[in-house]
Amino acid sequence: MACHPDVVGWATLLSSCRVHGDMEIGKWAADSLIELEPQNPASYVLLSSLYAAKGKWNEVAQLRRGMRDKRVKKRTEI
């Protein structure tokens, strides 16, 4: 029986890709995470951070536009 990663697995992979700067696997993890939870802002923020660290500002802007279009918002909590 095959085992498929859940939200926690994809989020962990995406987070570690951000730490290690692995753009290719990070994009794959983010796409998979967004497919599972399209309204969760964490995946967009982590991917945006990964793009920014690599200087890919056009991708950052495109991702933020996509968040705005999908009405995904980061929650600010105190």
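Residues numbered from 1 in each chain as written. Predicted model: local features only at pLDDT ≥ 70, side-chain atom pairs only at ≥ 80, totals over all residues. Heavy atoms only, no water.

Enquirer: Which parts of the structure should I look at to understand the nonpolar core?
Expert: One broad trend across soluble globular proteins is that nonpolar side chains are buried collectively. Ranked by internal contacts, the top residues of the largest apolar core, which has 16 residues, are Leu14, Tyr44, Leu47, Tyr51 and Leu63. Within the residue set of this core, elements represented by two or more residues are α1 (7-20), α2 (23-36), α3 (41-53) and α4 (57-69). When neighbours within four sequence positions are excluded, leucine 14 is seen to be in contact with Gly26, Ala29, Ala30, Leu33, Ser43, Leu46 and Leu47. (Core = buried A, V, L, I, M, F, W, Y, C linked by side-chain atoms within 4.5 Å. Buried < 20%, exposed > 50% of the residue type's maximum accessible area, 1.4 Å probe, protein only. Helix = DSSP H or I, 4+ residues; strand = E, 2+ residues; numbered from the N terminus. Contact = heavy atoms within 4.5 Å.)

Enquirer: Honestly, the packing of α3 against α4 in this entry has me stumped. Any pointers?
Expert: Think of two packed helices as two axes; the pair is described by the angle between the axes and how far apart they sit. Relative to each other, α3 and α4 sit at 165°, their axes nearing to 8 Å. Between α3 and α4, the interaxial angle falls into the category roughly antiparallel. Along this stretch, α3 crosses α4, giving a crossing that reads as left-handed. The segment α3 lies against α4, with Pro41, Tyr44, Leu47, Ser48, Tyr51 and Ala52 engaging Trp57, Glu59, Val60, Leu63, Arg64 and Met67. Taken together, the residues of the contact of α3 with α4 break down into nine nonpolar, one polar and two charged. (Axes fitted to C-alpha atoms, helices over the stretch in contact; angles between N-to-C directions. Parallel < 35°, antiparallel > 145°, perpendicular 65-115°, else oblique. Left-handed = near helix turned anticlockwise from the far one by under 90°. Nonpolar A, V, L, I, M, F, W, Y, C, P; charged D, E, K, R; others polar.)

Enquirer: Please clarify how the pattern of salt bridges should be interpreted in this entry.
Expert: Any two side chains of opposite charge can pair if their charged atoms end up close together. In the structure shown here, the tally under the stated rule is one salt bridge. A salt bridge links lysine 27 to aspartate 31; the shortest N-O distance between them is 2.8 Å. Residue lysine 27 and its partner aspartate 31 are located together in helix α2, separated by four residues, close to a single helical turn. We classify aspartate 31 as partly exposed; its relative accessible area is 37%. (Salt bridge = Lys/Arg side-chain N within 4 Å of Asp/Glu carboxyl O.)

Enquirer: How should I be thinking about the packing of aromatic side chains in this particular structure?
Expert: Centre distance and the angle of the planes are the two values used to describe a pair of aromatic rings. What the rule picks out here adds up to one aromatic pair. Consider the rings of tryptophan 10 and tryptophan 28, whose centres lie 4.9 Å apart with planes at 85°: the pair is edge-to-face. Of this pair, tryptophan 10 sits in helix α1 while tryptophan 28 is found in helix α2, placing the two residues 18 residues apart along the sequence. (Phe/Tyr/Trp six-rings, centres within 6.5 Å; stacked < 30°, edge-to-face > 60°.)

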